[in-house]
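Breakdown of the fold
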Amino acid sequence: MAILAEQSLQTNYKVRKQLKRRNEILDAAAEVFAEKGYHAATTKDIADRLGMRPGSLYYYFESKEAALAEVCRLGGQELVDSMIDLMDGGLDGTDLVRAAIELHLHPDRRIYVGCLSQNRHFLPEDVRREIKAAMQRYFTMWEEVFRRAIRDGVVEHKIVPSFAAHMVLVLLNGSLPGLVRRPNKEAERFTAEVHRTLMPGMTPRGT
């Protein structure tokens, strides 16, 4: 029994080590794809970030395309899960809009989100459909952000939630390439500036 227990510990350690390395490769791949674009990126670029030989990457992913698919899946799922938590947090309209902007540009996910927004159209059709479904759910939650802001009187009632959501996401996604390698403080300042710029144009007159 002691031998079996030790073998189990060794197996678990090996699995954890492999998962850790796989996540490191995904982070490096997301950075490279976000910075260079999918076609310009190479497996050597990804391997160089980690001090690995390019051939070693294929132990974890069968192709560059497979790595991109996983990066996009993780980026999309993280956005959806985080937005669900945010929507359940009881924030009022003003705080909710700002928090949603911060979520999209958060340092912990902006590399994945940038890769997702710029490169998902390079994926196979079946994977694109999967990612599109997640992104549609995310967009629907952004619409709800603006509905709540309208309900709370901090956004003009004539504003169309779907238009506002689309406008904000285009702006945020367009900014991501420039923010990928910037210090976190710069991203925080950009988030605040986006909020300050957007809200006055949507706020009801006389408030």
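Once a new chain begins, its residue numbering starts again from 1 and follows that chain's sequence as written. At least 70 in pLDDT is required for a residue's local features to be given in this predicted model, at least 80 for side-chain atom pairs to be given and counted, and no such filter applies to totals for whole chains, interfaces and linings, which use all residues. Note that the side-chain values use all heavy atoms of the structure and ignore hydrogens as well as water.

Helix and strand labels come from DSSP, where a helix needs a run of H or I of at least four residues and a strand needs a run of E of at least two; each type is numbered from the N terminus. For the protein, the helix and strand inventory stands at eight helices and zero strands. Secondary structure elements in the protein, listed N-terminal to C-terminal, are α-α-α-α-α-α-α-α. For the protein, buried positions account for 42% of its 207 residues. Put simply, of all contacts in the protein between residues at least 6 apart along the chain, 72% involve residues at least 24 apart. The method behind every accessible area is Shrake-Rupley, applied with a 1.4 Å probe, and residues are considered shielded solely by the protein chains displayed. For the protein, the computed accessible surface area is about 11,700 Å², with 53% contributed by carbon and sulfur atoms. Type-normalised accessible area, obtained with a 1.4 Å probe on protein chains alone, sets the label of each residue: buried when under 20%, exposed when over 50%, and partly exposed for intermediate values. In this description, contact between two residues means that some pair of their heavy atoms is separated by no more than 4.5 Å.

In this description, a disulfide is simply a cysteine sulfur pair whose atoms lie within 2.5 Å. One pass over the full model with this rule turns up zero disulfides. Sulfur of Cys 72: no disulfide; nearest cysteine sulfur belongs to Cys 115 and is 4.8 Å away.

Below, the discussion takes up the packing of helix α3 (residues 64-87) against helix α5 (residues 110-119). In the contact formed by α3 and α5, the axes pass within 8 Å of each other and the chain directions differ by 115 degrees. Comparing the axis directions of α3 and α5 gives the class roughly perpendicular. Considering the relative orientation of α3 and α5, their crossing is left-handed. Contacts between α3 and α5 involve Leu 68, Val 71, Cys 72, Leu 74, Gly 75, Gly 76 and Leu 79 from the former and Tyr 112, Val 113, Cys 115, Leu 116 and Asn 119 from the latter. Each residue gets one of three labels, nonpolar for Ala, Val, Leu, Ile, Met, Phe, Trp, Tyr, Cys and Pro, charged for Asp, Glu, Lys and Arg, and polar for the others, Gly among them. Split into classes, the residues belonging to the contact of α3 with α5 amount to nine nonpolar, three polar and no charged. Between N-to-C directions, angles cover 0 to 180 degrees, with each direction set by a line fitted to C-alpha atoms, over the stretch in contact for helices. Note that the term roughly parallel is reserved for angles under 35 degrees, roughly antiparallel for angles over 145, roughly perpendicular for angles of 65 to 115, and oblique for everything else. A crossing counts as left-handed when the near helix is turned anticlockwise from the far one by less than a right angle, and as right-handed when that turn is clockwise.

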